[in-house]
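Survey of secondary and tertiary structure
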Amino acid sequence: MDRIFEGFTQAYADTTRRFGGTGLGLSISRVLVEKLGGVLKVESEVGRGSTFSFTLTLPKAEAPRAKTEDVLDNGSLIGRRILLAEDNEINRDVARLMLEEWQVQVDEAPDGLIAVEMHAANAYDVILMDIQMPNMNGLEATARIRQHPDSQRAQVPILALTANAFRADNELYLAAGMNDCLAKPFEEDALYQKLVNLVASAAQHTRSYDLTSLRELARGKQAFVDKIIRSFLRNIPETVQDLRLAAGDGNWVRVAELVHHIKPNLVQLGVEGVDEAVKQLEQARHGIGASETRLAAVGHLTTRLDRVVQELPTELSSEGA
């Protein structure tokens, strides 16, 4: 029982000869259960049999949408320019068919590297970003886009197109700086609504932070607001540098410590779009997550903090400045 969940392990040496199998089934089952947040257990008694069990807590599924023949097009996407980054030509053709029906101007990129180059040369309202692409994947491409020197262009809404429908995967994509996710194959109305929401959200957010909570806490005392801002501007740049160095060295325990330390400051300043990155990086101390996704999260968080540091001085009063 101590070894039964190990790969290529059978209860007895002659099991494979008598019953077949490689001894991988329980190992794979255990990994699947753990991926979903559970633990696979076994109770066994020789001569009576074995009982394998696990418990999972899963989010409630959305009610199935009624199938509609036509998308209710309210004209919100007319004239918008969208970059479609997808390596599969058939998938691009299908998406283009939908987008052009809504009078959207579509540019195509067959891989992440070309998507980054096209973004650098053109302004887009939304980017549809596939995750798995040659030359440069969607996570790295998103990180490059978020580092664009023009802050407005760097914050272009990015919709992840993914074959994975797992909630945990979506959280990783959000942590990497993407704004929303859509599982392939997708319904026409689902794509339309996601795009409309992203365009509307981009129009409302022009800054990387929101001082509403801080100003409410200050109760009209600008000197208090100035003090918090100056402290943030004084300490965060060094922390950002330490985060990048620790991530580069693969020291994820240190990364988790740094992120946990500045988390209250991020809340105080209302730093937007970093909640999932913070969550993923705090979990890194426990070995959760792949290095690729952790690096993407660090890239997104530090890039966003660089933006906040650039923008915040305008919030200081003349005395505070």
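Calculation criteria
- Throughout this description, residue numbers start from 1 for each chain and increase along the sequence as written.
- Predicted model: local features are reported for residues with pLDDT of at least 70 only, side-chain atom pairs are reported and counted for 80 or more only, and whole-chain, interface and lining totals are derived from all residues.
- Only hydrogens and water are set aside; all other atoms, that is, all heavy atoms of the structure, feed into the side-chain values.
- Secondary structure follows DSSP: runs of H or I at least 4 residues long count as helices, runs of E at least 2 residues long count as strands, and numbering of each begins at the N terminus.
- Throughout, exposure labels follow a simple rule: accessible area from a 1.4 Å probe, protein chains only, divided by the maximum for the residue type, with under 20% read as buried, over 50% as exposed, and the rest as partly exposed.
- For the accessible areas, the method is Shrake-Rupley and the probe is 1.4 Å, while residue cover comes only from the protein chains on display.
- Positive charge is attributed to Lys and Arg, negative charge to Asp and Glu, and no charge count is given to His or to the chain ends.
- By convention, the charge on Lys lies at NZ, on Arg at CZ, on Asp at CG and on Glu at CD.
- Any two strands are treated as partners once DSSP identifies two or more bridges connecting them.
- In this analysis, rings of Phe, Tyr and Trp, with Trp reduced to its six-membered ring, are considered paired at centre separations within 6.5 Å, and the interplanar angle assigns stacked below 30 degrees, edge-to-face beyond 60, and tilted for intermediate values.
- Expected helix span is taken as 1.5 Å per residue step, with the number of steps being one fewer than the number of residues.
- Polar contacts here mean pairs of N or O atoms no more than 3.5 Å apart (in protein, one a potential hydrogen donor and the other a potential acceptor; neighbouring residues in sequence count only if both atoms are side-chain atoms).
- Note on contacts: a residue pair qualifies if any of its non-hydrogen atoms lie within 4.5 Å across the two residues.
- Take the buried Ala, Val, Leu, Ile, Met, Phe, Trp, Tyr and Cys residues and link them wherever side-chain atoms come within 4.5 Å; each set so joined is a nonpolar core.
- Any Lys or Arg side-chain nitrogen found within 4 Å of a carboxyl oxygen on Asp or Glu counts as a salt bridge.
- Seen with its strands pointing away from the viewer, a crossover is right-handed if its path from the first strand over the helix to the second goes clockwise.
- Confidence of the prediction at every residue is given by pLDDT, a number between 0 and 100.

Moving on: the overall build of the protein chain. Within the protein chain, the regular secondary structure consists of 13 helices and 7 strands. Seen through its principal axes, the protein chain has C-alpha atoms that stretch 80 × 50 × 40 Å. Scored against the burial criterion, the 321 residues of the protein chain give a buried share of 40%. Summed over all atoms, the accessible surface of the protein chain reaches about 18600 Å², with 50% contributed by carbon and sulfur. One way to put it: in the protein chain the 35 positive side-chain charges average out to a point 7 Å from where the 46 negative ones average out.

In this section: the pairing of strand S6 (residues 158-162). Of all 5 residues in S6, 5 are buried; the element is thus mostly enclosed. Side chains of S6 alternate between two faces, with Ile158, Ala160 and Thr162 and Leu159 and Leu161 buried alike. Pairing analysis gives 4 bridges linking strand S5 (residues 126-130) to S6, with the strands arranged parallel. Following the sheet pairing, methionine 129 is matched in S6 by alanine 160. Where S6 and strand S7 (residues 180-183) come together, 4 bridges link them in parallel fashion. When the bridges of S7 are listed, leucine 159 appears paired with aspartate 180.

Let us look at the packing of aromatic side chains. Scanning all chains against the criterion turns up 1 aromatic pair. Here the aromatic rings of tryptophan 102 and tyrosine 192 are separated by 4.9 Å at their centres, their planes lie at 70°, and the arrangement is edge-to-face. Of the two residues, tryptophan 102 is situated in the loop between helix H3 (89-101) and strand S4 (105-109) and tyrosine 192 in helix H8 (residues 188-204); the sequence distance between them amounts to 90 residues. Neither tryptophan 102 nor tyrosine 192 differs from the other in exposure class; each is buried.

With glycine set apart, most residues show a phi of negative sign, and most peptide bonds adopt trans. The omega torsion across lysine 184 and proline 185 is -5°, close enough to zero to call that bond cis. Looking at where proline 185 falls in the secondary structure, it is placed in the loop between S7 and H8. A positive phi angle, close to 70°, is found at asparagine 135, a residue other than glycine. One can find asparagine 135 in the loop between S5 and helix H5 (138-146). The backbone of arginine 219 shows a phi angle near 55°, a positive value even though the residue is not glycine.

Along its 21 residues, helix H13 (residues 291-311) runs 30 Å from first to last C-alpha, staying within 8% of the 30 Å computed at 1.5 Å per residue. Of all 21 residues making up H13, 15 are buried, and the element is well covered by its neighbours.

What follows covers the side chain of histidine 119. By secondary structure assignment, the location of histidine 119 is in helix H4 (residues 112-121). There is a polar contact of 2.9 Å between the side chain of histidine 119 and the backbone oxygen of arginine 153. Once residues within four sequence positions are removed from consideration, histidine 119 is found in contact with Leu83, Tyr124, Ile127, Ile145, His148, Arg153 and Val156.

On to the nonpolar core. Counting 34 residues, the largest nonpolar core has Phe232, Val255, Leu266, Leu269, Leu301 and Leu305 as the members making the most contacts within it. When contributions to this core are tallied by element, the ones reaching two or more residues are helix H9 (212-218), helix H10 (222-248), helix H11 (252-268), helix H12 (275-282) and H13. Tallying contributions element by element places H10 first for this core, with 9 residues. Not counting residues up to four positions away in its chain, the partners in contact with phenylalanine 232 are Pro237, Asn265, Leu266, Leu269, Val271, Leu305, Val308, Val309 and Leu312. Ala109, Ile131, Ala176 and Ala296 belong to the second-largest nonpolar core, a separate cluster that totals 23 residues.

It is worth spelling out the pattern of salt bridges at this point. One pass over the full model with this rule turns up 15 salt bridges. The residue arginine 81 makes a salt bridge to aspartate 107 at a minimum N-O spacing of 2.8 Å. Here aspartate 107 lies in strand S4 and arginine 81 lies in strand S3 (residues 81-85), a separation of 26 residues in the sequence. Look at aspartate 107 and you get buried, because its relative accessible area is 13%. With its nearest N and O atoms 3.0 Å apart, the salt bridge here joins arginine 215 to glutamate 315.

Let us now look at the pairing of S3. Within S3, 4 of the 5 residues are buried, which leaves it mostly tucked inside the rest of the structure. Pairing between S3 and S4: 5 bridges, direction parallel. Each residue of the ladder has a partner; that of leucine 84, found in S4, is glutamate 108. In this view, the connection linking S3 to its parallel neighbour S4 by way of H3 has right-handed handedness. Inspection of the sheet shows S3 paired to S5 by 4 bridges, in the parallel sense. If you follow alanine 85 over to S5, its bridge partner there is methionine 129.

As a further point, take the confidence of the model for the protein chain. Summing up the model confidence of the protein chain, the mean pLDDT is 87 and the portion of residues at 70 or higher is 90%. Taking the mean pLDDT of every element in the protein chain, the minimum, 49, falls on helix H1 (residues 15-19) and the maximum, 97, on S3.

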